[in-house]
Amino acid sequence: MIEPFLLRALAAAIGLALLAAPLGSLVVWSRMAYFGETMAQASLLGVALSLALGQSLTLSVLVVAILAALLILLLGEQRLLPLDSVLGLMHHGSLAAGVIATAALAGPSVDLLGYLFGDIFAVTEADLYWIYGGGAVVLGVLWLVRQPLLPLALHHRLAVAEGVPARRVKAVFMVLLATTIAIAIKILGILLVIAFLIVPAAAARPFATTPERMVAIAVGIAVAGVLVGLEISARSDAPGGPAIVLVLAILALLSLLAASTGLRRRS
């Protein structure tokens, strides 16, 4: 008989896999991986906010991630410093501030590794409600904005020239990304949550001829990574989140090698 905590871990990971595939595909198409990574690192300040106020971890991280997303959009408008430099500044500065604030609030015994890498086997029923309820809202909004969002992700300049409200659509997408980070951060941790989004999409891209096909393949890869990663974790006592991401990274590497080999044979 499967232990209840394993069933909850499996349900949580599959729910996140279904949510990660379409969002991750858009992140890959839009070249926004560093945006997402910066938002995830800033979320450690949300952990500190949760400890300081005694509020829900997910809600606190959500507030900070959305504020980080809005700040990134605002700083993206300035021309004094390239955006990648601004993101690098926020990326490392917010992580350092979050580590210091969390340690100061919780004392020297704080489990920073738990926040950085998550603990998928500590999933509760409340976490499942967040994943499936919040995930349904995210996917619903994503479906509503799909028509302007998809061309903006695939051909930004052409979409803007055709009248797509780029700033507004990008803001909505970044709020959806922030929400997903907040939902997943307790399970995958700050350092792995974006990997779970982009690695299945990256693995699917070489074999996808349409956006819909890429999302479908990414879902299959993400679910396969979840199943194999949790099996490895259960058999070896390896941390669940890192095991899943490692399996996904191997699948992505094999995908890229297979695709490049196929291109060489055809050339």
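Residues numbered from 1 in each chain as written. Predicted model: local features only at pLDDT ≥ 70, side-chain atom pairs only at ≥ 80, totals over all residues. Heavy atoms only, no water.

*Asks:* Would you explain the overall build of the protein in this entry?
*Replies:* Across its full length, the protein carries 13 helices and zero strands. Overall, the protein shows an N-to-C arrangement of helices and strands of α-α-α-α-α-α-α-α-α-α-α-α-α. Whereas a compact globule of 267 residues would reach a radius of gyration of roughly 18 Å, the protein reaches 19 Å, a difference of no more than 12%. Along the longest, intermediate and shortest principal axes, the C-alpha atoms of the protein span 55 × 50 × 30 Å. Across the 267 residues in the protein, those meeting the buried criterion constitute 44%. Pairs at least 24 apart in sequence give 76% of the contacts found in the protein among residues at least 6 apart. Carbon and sulfur atoms form 69% of the exposed surface of the protein, whose accessible area is close to 13300 Å². The average position of the 15 basic charges and that of the 12 acidic charges among the side chains of the protein differ by 15 Å. (Helix = DSSP H or I, 4+ residues; strand = E, 2+ residues; numbered from the N terminus. Rg over C-alpha atoms; globule rule 2.2 N^0.38 Å. Buried < 20%, exposed > 50% of the residue type's maximum accessible area, 1.4 Å probe, protein only. Contact = heavy atoms within 4.5 Å. Areas by Shrake-Rupley, 256 points an atom, 1.4 Å probe, with all protein chains shown as cover. Lys, Arg positive; Asp, Glu negative; His and termini not counted. Charge placed at Lys NZ, Arg CZ, Asp CG, Glu CD.)

*Asks:* I keep staring at a nonpolar patch on the surface and nothing clicks. Help me out?
*Replies:* On the surface, Leu246, Ile250, Leu253, Leu254 and Leu257 cluster together into a nonpolar patch covering about 490 Å² of accessible area. Along the polypeptide, Leu254 turns up in helix H13 (residues 240-266). (Patch = residues over 30% accessible without salt bridge, like charges linked within 9 Å, V, L, I, M, F, W, Y side chains within 5 Å. Salt bridge = Lys/Arg side-chain N within 4 Å of Asp/Glu carboxyl O.)

*Asks:* Is there a simple way to think about the pattern of salt bridges in this case?
*Replies:* Side chains bearing opposite charge may pair, as long as their charged atoms lie close to each other. All chains considered together, the criterion is met by two salt bridges. One salt bridge connects Asp127 with Lys186, and the closest N-O pair in it is separated by 3.1 Å. Note that Asp127 is positioned in helix H7 (residues 125-144) and Lys186 in helix H10 (residues 166-188), a separation of 59 residues in sequence. Residue classification places Lys186 among the partly exposed positions, given a relative accessible area of 33%. Across the pair Arg235 and Glu231 runs a salt bridge, and its minimum N-O distance is 2.2 Å. A residue pair is termed a helical-turn pair when its members lie 3 or 4 positions apart in one helix, as Arg235 and Glu231 do in helix H12 (residues 211-236) at four residues. Taking relative accessible area as the criterion, Arg235 reaches 71% and is therefore assigned exposed. Judged by relative accessible area, which is 38%, Glu231 ranks as partly exposed.

*Asks:* It is not clear to me how the packing of helix H8 (residues 146-154) against H10 should be interpreted in this structure. Could you clarify?
*Replies:* One can describe the packing of H8 onto H10 by two numbers: an axis separation of 10 Å at closest approach and a directional angle of 100 degrees. What the angle tells us is that H8 and H10 run roughly perpendicular. Facing Pro148, Leu149 and Leu152 of H8, the residues of H10 in contact are Ala166, Val169, Lys170 and Phe173. Looking at the contact of H8 with H10 residue by residue, the class counts come to six nonpolar, no polar and one charged. (Axes fitted to C-alpha atoms, helices over the stretch in contact; angles between N-to-C directions. Parallel < 35°, antiparallel > 145°, perpendicular 65-115°, else oblique. Nonpolar A, V, L, I, M, F, W, Y, C, P; charged D, E, K, R; others polar.)

*Asks:* Would you mind going over the environment of Thr124 with me for this structure?
*Replies:* You can see Thr124 is positioned in the loop between helix H6 (112-117) and H7. Separated by 115 residues in sequence, Thr124 and Ala9 have C-alpha atoms that sit 8.7 Å apart.

*Asks:* What is the right way to read H10 from this model?
*Replies:* One turn of the α-helix equals 3.6 residues, which is why residues spaced by three or four share an orientation. Counted at 1.5 Å a residue, the expected span for H10 with its 23 residues is 33 Å, and the 30 Å between its end C-alpha atoms agrees. Remark: the principal bend of H10, roughly 30 degrees, maps to Ala182. Gly189 sits one or two residues past H10 and shows a positive phi near 85 degrees. (Expected span 1.5 Å × (residues − 1). Bend = angle between axes of the 7 residues up to and from the residue.)

*Asks:* How do you make sense of H12 when you look at a structure like this?
*Replies:* End to end, H12 covers 37 Å across 26 residues, agreeing with the expected 38 Å (1.5 Å per residue, within 8%). All of the buried residues in H12 are Met214, Ala218, Ile221, Ala222, Gly225, Val226, Gly229, Leu230 and Ser233.

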